[in-house]
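Descriptive analysis of the structure
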Amino acid sequence: MEYLEFELPIKELEEQFNKACAIGHESDVDVSDTCKQIDKKLKETKKEIYGNLTAWQKVQLSRHPSRPYTLDYIKALCGDSFLELHGDRTVKDDKAMIGGLGKIGDQSFMFVGQQKGYNTKTRQYRNFGMANPEGYRKALRLMKSAEKFNIPVVCFVDTPGAYPGLEAEERGQGEAIAKNIMEMTRLKVPVIVVIIGEGASGGALGIGVGDKVLMLENTWYSVISPESCSSILWRSWEYKEQAAEALKLTATDMKKQKLIDEIVGEPLGGAHSDREQTFKTVRDKILTSFESLKNLSPSDLIEKRMDKYANMGVYKG
């Protein structure tokens with residue numbers, strides 16, 4: 001298991017606990033009291049650390065290499081019922097944006113989301129979760145198909161941003177994202193968005209417009225990453241921690257500003273520390289959200305969605 005810098009006290013205690021238990025198994029020495037004391041200290045340390053995370057530490061947790069990605073959630077929620085669909089019918093199949101049909105229980109959903117890689121090879125294959133214009137066009141194609149057959153849409157957001165390469169701009173990156181935002185506001189089926197990791201810039205907004213926007217506890221959602229903000233304002237990445245605080249990008253900040261609908265709690269230590277519990281929680285939240293939306297007429301859905309986003313922000317007339 002990999003540990004982040006602020007998790008090192010936990011790592012030390014876990015190593016002590018494992019060594020003490022190993023001594024007890026390999027010899028006749030009674031170490032049960034020692035193990036209990038270390039375990040108690042370990043639990044207290046975890047509560048103290050994870051209960052007082054800074055904005056930057058939450059950004060780090062959202063990027064943890066062991067954190068579950070979009071396909072992990074889909075496989076856990078749908079099992080073998082998931083059918084992945086490919087291509088935007090214009091350029092190619094973008095591997096950073098995945099989507100397809102699946103069932104949670106007896107209810108069908110169209111799933112769309114950014115997918116990151118687990119190692120160097122798969123990260124390159126998935127372009128580090130940064131979609132090209134064809135990825136957003138594929139996502140829109142799948143959403144319009146879901147609308148045609150009256151199937152609700154679930155979007156999993158986890159991206160450091162849309163791909164900023166020259167070829168992406170040549171193929172209309174900005175237009176593709178803008179069109180997705182416009183079309184998602186008027187989809188005639190329920191749209192549930194779950195931010196499961198990084199929610200950066202227009203790359204997140206391209207699949208981020210929904211009737212219900214849920215945000216896992218240790219994720220972030222912002223117009224720019226802390227590192228990029230730091231490099232612009234201070235000409236250095238050294239101020240990324242201050243930038244993270246100033247950007248107000250945590251789930252708590254987003255809920256306070258009424259930019260999301262609900263914060264989804266994570267197990268102590270983050271989503272990766274207990275994947276099964278995380279999957280169960282997300283599954284329950286998706287089904288609860290769908291229950292609150294399924295009886296609304298298409299016109300009511302669109303009207304409520306439009307009003308929700310029109311009321312965001314503060315302005316003077």
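Note: the structure precedes this text.
Below, the structure is looked at part by part.

Counting secondary structure elements, the protein chain contains 14 helices and eight strands. Here the protein chain has a C-alpha radius of gyration of 21 Å; the compact-globule value for 317 residues is 20 Å, and the two agree. Judged by the C-alpha coordinates and their principal axes, the protein chain covers about 70 × 50 × 45 Å. In the protein chain, which comprises 317 residues, the share counted as buried stands at 49%. Excluding contacts between residues fewer than 6 apart, the proportion of contacts in the protein chain whose partners are at least 24 apart in sequence is 72%. Total accessible area on the protein chain stands at roughly 16,100 Å², and carbon and sulfur atoms take up 51% of it. Side-chain charges of the protein chain comprise 45 positive and 46 negative groups, with the mean position of each set lying 5 Å from the other.

Among the structural elements, Lys-116 can be located in the loop between β3 (107–114) and α5 (120–125). Of the residues examined, Lys-116 reaches a relative accessible area of 10% and is grouped as buried. A polar side-chain atom of Lys-116 sits 2.6 Å from a polar atom in the side chain of Glu-198. When sequence neighbours within four positions are dropped, the list of residues in contact with Lys-116 reads Tyr-69, Arg-126, Phe-128, Gly-129, Asp-158, Thr-159, Pro-160 and Glu-198.

Let us look at the pairing of β3. Across the eight residues of β3, six count as buried, placing the element largely inside the fold. Here eight bridges tie strand β2 (residues 97–104) to β3, and the two strands are oriented antiparallel to one another. For Gly-99, the partnering residue across the bridge sits in β3 and is Val-112. Between the antiparallel neighbours β2 and β3 lie two residues, among them Gly-105 with a positive phi of about 70 degrees. Bridge count between β3 and strand β4 (residues 153–159): four bridges; the pairing is parallel.

Turning our attention to the side chain of Asp-93. In this fold, Asp-93 is placed in the loop between β1 (83–84) and β2. Filtering out sequence-adjacent residues up to four positions away, Asp-93 remains in contact with His-86, Gly-87 and Lys-138.

Cut-offs applied
Residues numbered from 1 in each chain as written. Predicted model: local features only at pLDDT ≥ 70, side-chain atom pairs only at ≥ 80, totals over all residues. Heavy atoms only, no water. Helix = DSSP H or I, 4+ residues; strand = E, 2+ residues; numbered from the N terminus. Rg over C-alpha atoms; globule rule 2.2 N^0.38 Å. Buried < 20%, exposed > 50% of the residue type's maximum accessible area, 1.4 Å probe, protein only. Contact = heavy atoms within 4.5 Å. Areas by Shrake-Rupley, 256 points an atom, 1.4 Å probe, with all protein chains shown as cover. Lys, Arg positive; Asp, Glu negative; His and termini not counted. Charge placed at Lys NZ, Arg CZ, Asp CG, Glu CD. Polar contact = N/O pair within 3.5 Å; in protein donor to acceptor, adjacent residues only side chain to side chain. Pairing = 2+ DSSP bridges.

On their own, these measurements won't tell you what the molecule is for.
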